[in-house]
Structures are given as structure tokens and as C-alpha cells.
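Residues per chain, in single letters:
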Amino acid sequence: MTGTPTYEVRRVGQSYAVFNGNGLRVSGFYHSEDRATTRLEKLVQNAAGDVRPCITCRVKFKSQGAHNRMCDPCRKRSMDLPPEALFPSFAQGGAR
Ligand SMILES: [Zn+2]
């Protein structure tokens, strides 16, 4: 894996659109190149992963996707601890 896919803004007739590295159009058409470039930057950001607050310590970190809501330190810690240490309600609701 080589990280961020490439995108480029191309002129299409009177409009501009964002194309990915495979030459596929990945945006709508824009009348100004600036707007298409803004869209491109958004796509690059999304491809690189979102920055989200960690569900445990609230530190902002780069998430790999919707499934990834814990920062690395917390994830490591959560593997060392039983689930009820992180989510106290676990201990009450479930098994005897
Ligand atoms: Zn955390």
C-alpha cells in the first residue's frame, strides 16, 4: 500500500471535474477550477482518513475508517484490560 491515491482536476468542456488515478470521474462538474480543486483536496483528505476524537480519551487522531474510533494508545490499553474496565455497564447488564 502506497498511501494516498492520486487525484487531479481536469477540464471537461466548459467545466472542471476531479478524476482519480484511474481516469474515473469522482466529482460533479464545477464551473470554476478553484471549486474543483477544493473538492479534490476534500477527496484527498477523506482518502487519507478522518481526524476524529478518540471515544475513550477524546484526543484527536487519524482514523482509518468508521470502525476505528480509538487512538492507538487506548486500543493497546483496551487489549490489556477486560471490557468491563472500559465500559462499566458491561459488568452489570450481562452474565452472572
Ligand atoms: Zn484515546
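Provided above is the structure to which this section pertains.
Everything in this summary refers to the structure shown in the same document. Predicted, not measured: the structure shown is a model, and the values here were computed from it.

1. A closer look at the overall build of the protein chain
Next, step 1: Of the regular secondary structure elements, the protein chain holds four helices and four strands.
Next, step 2: Along the chain direction, N to C, the helices and strands of the protein chain fall in the order β-β-α-β-β-α-α-α.
Next, step 3: By sequence separation, contacts in the protein chain at least 24 residues apart represent 15% of the contacts at least 6 residues apart.

2. Points about the nonpolar core
Next, step 1: Counting residues in hydrophobic clusters, the biggest one holds five residues: Tyr7, Tyr16, Val18, Ala36 and Leu40.
Next, step 2: With near-sequence residues (within four places) excluded, Leu40 lies in contact with Tyr7, Val9 and Val18.

3. Focus: unusual backbone geometry
Next, step 1: Positioned with a positive phi, Arg58 is a non-glycine residue whose angle comes to about 70 degrees.
Next, step 2: Mapped onto the elements of the fold, Arg58 is located in the loop between β3 (51–53) and β4 (60–62).
Next, step 3: A count of 9 C-beta atoms within 10 Å places Arg58 in the exposed class.

Definitions and cut-offs
- Residues numbered from 1 in each chain as written.
- Predicted model: local features only at pLDDT ≥ 70, side-chain atom pairs only at ≥ 80, totals over all residues.
- Helix = DSSP H or I, 4+ residues; strand = E, 2+ residues; numbered from the N terminus.
- Contact = placed C-beta atoms within 7 Å.
- Core = buried A, V, L, I, M, F, W, Y, C linked by C-beta atoms within 7 Å.
- Buried ≥ 20, exposed ≤ 12 C-beta atoms within 10 Å, placed from the backbone.

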